[in-house]
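Letter by letter, the chains look like this.
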Amino acid sequence: MKLVIVVPCYNEELVLHETTRRLVAVLQSLMERKSIDEGMILYVDDGSKDKTWSIIETLSKETSLVGGLKLSCNRGHQYALWAGLKWASAHSDASVSIDADLQDDVNAICLMVDEYHKGNDIVFGVRKERKTDTFFKRTTALAFYRLMRFFDRRIIYNHADFRLMSRRAMLSLMEYPEDNLFLRGIVASMGYPSTSVYYDRSERFAGESKYPLCKMLSFAFEGITSFSIKPLQLITYLGVAFILIAIGVVAYALYEHFTGHTIDGWTSLLVSMWFIGGCVLMACGITGEYIGKIYMEVKHRPKYFIDKKVNA
Ligand code: UDP
Ligand code: MG
């Protein structure tokens with residue numbers, strides 16, 4: 001069987017040599033113990049602005065185990081991964097997707113391949129703990145997974161995009177026509193035989209995170225709105241709750257009226273006006289978000305273009 005390791009890279013010049021060294025070692029040991037017949041590393045350069053692509057070209061000349069795709073511009077991690085998986089679905093029996101920064105334990109790839117041979121189509125890499133992450137990253141990530149699981153139970157806790165997929169699973173993934181990609185959600189909902197392997201997450205080998213807070217927040221928001229219509233349902237519940245409250249308020253107002261109390265209505269009026277105004281705005285905003293997504297989906301824009309290829 002042929003294994004392709006798909007690695008999206010955005011400005012990763014500092015880590016590529018080390019990543020290649022470690023992944024090549026993994027591929028060689030897998031070949032030695034006959035777990036795989038062939039293997040290669042496919043780097044997907046997501047429109048990097050540094051020397052990433054020229055390093056990939058050099059590496060691909062040094063060893064036939066390295067190949068690369070260069071996207072024409074920065075499209076984001078999920079699209080870069082999609083481009084790599086698309087290629088892998090046509091050229092391999094299974095793929096492992098992993099980040100370039102060596103935060104995920106490359107040795108878990110061997111465990112994943114073992115699980116593949118046991119008949120699993122999808123093997124999720126799950127972080128045991130987050131000791132090496134900053135307190136901030138840890139808490140925001142925890143909140144993110146909690147929220148995601150509230151919206152969809154199938155999301156795998158502490159699983160990012162480190163996973164093995166069989167060719168069948170990759171081809172199925174390609175059948176999803178959506179533009180708002182949230183791969184970990186899609187893959188978890190496909191329903192093929194799957195399992196998880198656990199590993200310790202280490203610190204970034206070099207360079208800095210390409211996911212600053214704003215990108216992370218937008219990714220979380222994207223994840224929820226591209227995957228679940230629960231926010232829309234919540235608005236309905238909110239509406240129902242408001243109606244119930246309103247009934248209570250009416251009863252109270254009538255009672256006050258008939259018992260002859262005069263009330264100073266200024267504060268309550270102003271507060272409720274602002275409050276309800278805010279709720280209506282929020283509801284409009286969320287609805288608009290979905291309409292925006294429908295708009296993007298019906299356009300069916302191409303997801304990416306490949307600029308150059310080596311060994312691929
Ligand atoms: N990445 C990418 N395109 C982007 C941002 C990131 O391909 O626009 C890649 C990046 O090179 C890395 C992976 O996605 O291989 C995960 O990014 P990073 O490690 O910076 O994220 P973090 O681990 O901090 O969440
Ligand atoms: Mg990282």
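As a starting point, this report considers the structure included with it. (Residues numbered from 1 in each chain as written. Chains lettered and ligands numbered in written order. Predicted model: local features only at pLDDT ≥ 70, side-chain atom pairs only at ≥ 80, totals over all residues. Heavy atoms only, no water.)

Points about the state of the cysteines
Put plainly, two cysteines are in a disulfide when a covalent bond ties their sulfur atoms together.
Reasoning step 1: In total, this model carries zero disulfides according to the counting rule given.
Reasoning step 2: You can see Cys 214 has no disulfide; the closest cysteine sulfur is in Cys 73, sitting 18 Å from it.
Reasoning step 3: The class of Cys 214 is exposed, set by a relative accessible area of 57%.
Reasoning step 4: Cys 284 forms no disulfide, and the closest cysteine sulfur to it belongs to Cys 279, at a distance of 11 Å. (Disulfide = S-S within 2.5 Å. Buried < 20%, exposed > 50% of the residue type's maximum accessible area, 1.4 Å probe, protein only.)

Description of the packing of helix α5 (residues 135–151) against helix α8 (residues 213–227)
Reasoning step 1: Put simply, α5 and α8 touch, their axes get as near as 10 Å, and they point 10° apart. Comparing their axes, α8 and α5 come out roughly parallel. Of the residues in α8, those in contact with Phe 136, Lys 137, Thr 140, Phe 144, Leu 147, Met 148 and Phe 151 of α5 are Leu 213, Met 216, Ala 220, Gly 223 and Ile 224.
Reasoning step 2: Taken together, the residues of the contact of α5 with α8 sort by class into nine nonpolar, two polar and one charged. (Axes fitted to C-alpha atoms, helices over the stretch in contact; angles between N-to-C directions. Helix = DSSP H or I, 4+ residues; strand = E, 2+ residues; numbered from the N terminus. Parallel < 35°, antiparallel > 145°, perpendicular 65-115°, else oblique. Contact = heavy atoms within 4.5 Å. Nonpolar A, V, L, I, M, F, W, Y, C, P; charged D, E, K, R; others polar.)

So, the pairing of strand β2 (residues 38–45)
Reasoning step 1: Among the eight residues in β2, seven count as buried, and that is most of the element.
Reasoning step 2: Note: strand β1 (residues 2–9) against β2, eight bridges, orientation parallel. The residue bridging Pro 8 from the neighbouring strand is Val 44, located in β2.
Reasoning step 3: With helix α1 (residues 16–32) bridging β1 and its parallel neighbour β2, the resulting β-α-β unit is right-handed. (Pairing = 2+ DSSP bridges. Right-handed = clockwise from strand over helix to strand, strands pointing away.)

Observations regarding the nonpolar core
When a protein is soluble and globular, its nonpolar side chains tend to lie buried together.
Reasoning step 1: Judged by nonpolar contacts, the single largest core of 40 residues is most densely connected at Leu 3, Val 7, Tyr 43 and Ile 109.
Reasoning step 2: For this core, the elements supplying multiple residues, two or more each, are β1, α1, β2, α2 (52–62), β4 (94–97), α4 (108–117), β6 (159–166) and β7 (194–199).
Reasoning step 3: Setting aside residues no more than four positions away along its own chain, Tyr 43 makes contact with Val 7, Cys 9, Leu 16, Thr 19, Thr 20, Ile 56, Leu 59, Val 66, Gly 67, Gly 68 and Leu 69. (Core = buried A, V, L, I, M, F, W, Y, C linked by side-chain atoms within 4.5 Å.)

Notes on the site of ligand 1
Reasoning step 1: The immediate surroundings of ligand 1 are formed by 19 residues, with Glu 12, Asp 46, Asp 101, Ser 209 and Lys 210 found nearest.
Reasoning step 2: Separating an oxygen atom of ligand 1 from a side-chain N or O atom of Asn 74 is a distance of 3.1 Å.
Reasoning step 3: In the model, an oxygen atom of ligand 1 is placed 3.1 Å from a nitrogen or oxygen of the Lys 215 side chain.
Reasoning step 4: Coverage of ligand 1 by the protein amounts to 95% of the 540 Å² it exposes when considered alone.
Reasoning step 5: Classifying every residue of the shell around ligand 1 gives five nonpolar, five polar and nine charged. (Near = heavy atom within 4 Å. Polar contact = N/O pair within 3.5 Å; in protein donor to acceptor, adjacent residues only side chain to side chain. Areas by Shrake-Rupley, 256 points an atom, 1.4 Å probe, with all protein chains shown as cover.)

What about the coordination of the magnesium ion (ligand 2)?
Reasoning step 1: The magnesium ion (ligand 2) binds to the protein through Asp 101 (OD) and Gln 103 (OE1), with metal-donor distances spanning 1.8 to 1.9 Å. With respect to burial, Asp 101 and Gln 103 carry one shared label: buried. (Donors = N, O, S within 2.8 Å, 3.2 Å for Na, K, Ca; no water.)

Quick look at a nonpolar patch on the surface
Reasoning step 1: A cluster of nonpolar side chains, Val 240, Ile 243, Leu 244 and Ile 247, forms an exposed patch at the surface whose accessible area comes to about 400 Å².
Reasoning step 2: With respect to the helices, strands and loops of the structure, Val 240 is situated in helix α9 (residues 230–258).
Reasoning step 3: We classify Val 240 as partly exposed; its relative accessible area is 44%. (Patch = residues over 30% accessible without salt bridge, like charges linked within 9 Å, V, L, I, M, F, W, Y side chains within 5 Å. Salt bridge = Lys/Arg side-chain N within 4 Å of Asp/Glu carboxyl O.)

A short note on the sheet that holds strand β5 (residues 122–127)
Reasoning step 1: Strand order across the open sheet formed by eight strands is β7-β5-β6-β4-β1-β2-β3-β8, with mixed pairing between neighbours. If you trace the sheet from one side to the other, it starts and ends with β7 and β8 (306–310), each paired once. Ignoring strand direction, the axes of neighbouring strands in this sheet form an average angle of 20°.
Reasoning step 2: Where β5 and β7 come together, six bridges link them in parallel fashion. Counterpart to Ile 122 in the pairing with β7 is Ser 194.
Reasoning step 3: Here α4 sits on the sheet and contacts β1, β4, β5, β6 and β7; the angle it forms with β6, its principal contact strand, is near 40°.

Focus: the packing of aromatic side chains
Reasoning step 1: Taken as a whole and assessed by the stated rule, the structure comprises eight aromatic pairs.
Reasoning step 2: In textbook terms, an aromatic cluster arises when at least three aromatic residues are bridged by ring pairs, as seen for Phe 144, Tyr 145, Tyr 157, Phe 182, Tyr 211 and Phe 219.
Reasoning step 3: Across from the ring centre of Tyr 79, 4.5 Å away, lies the NZ or CZ of Arg 75, which sits over that ring.
Reasoning step 4: Lys 215 extends its terminal NZ or CZ atom over the ring of Tyr 211, reaching a point 5.7 Å from the ring centre. (Phe/Tyr/Trp six-rings, centres within 6.5 Å; stacked < 30°, edge-to-face > 60°. Lys NZ or Arg CZ within 6 Å of the ring centre and 35° of its normal.)

With respect to the side chain of Ser 35
Reasoning step 1: With respect to the helices and strands, the residue Ser 35 is situated in the loop between α1 and β2.
Reasoning step 2: Sequence-distant contacts of Ser 35, that is, excluding residues within four places in its chain, are made with Met 1, Leu 30, Val 113, Asp 114 and His 117.

Re the pattern of salt bridges
Reasoning step 1: Applying the stated criterion to the full structure yields 15 salt bridges.
Reasoning step 2: The residue Asp 114 makes a salt bridge to Arg 33 at a minimum N-O spacing of 3.2 Å. Taken together, the residues span a long stretch of sequence, with Asp 114 in helix α4 and Arg 33 in the loop between α1 and β2 at a distance of 81 residues.
Reasoning step 3: The salt bridge partner of Lys 293 is Glu 222, with a shortest N-O separation of 3.2 Å. Here Lys 293 is found in helix α10 (residues 266–299), whereas its partner Glu 222 is found in helix α8, with 71 residues between them in sequence.
Reasoning step 4: Given the relative accessible area of 8%, Lys 293 is considered buried.
Reasoning step 5: One salt-bridge network, held together by shared partners, links Glu 12, Asp 101, Arg 204 and Lys 210.

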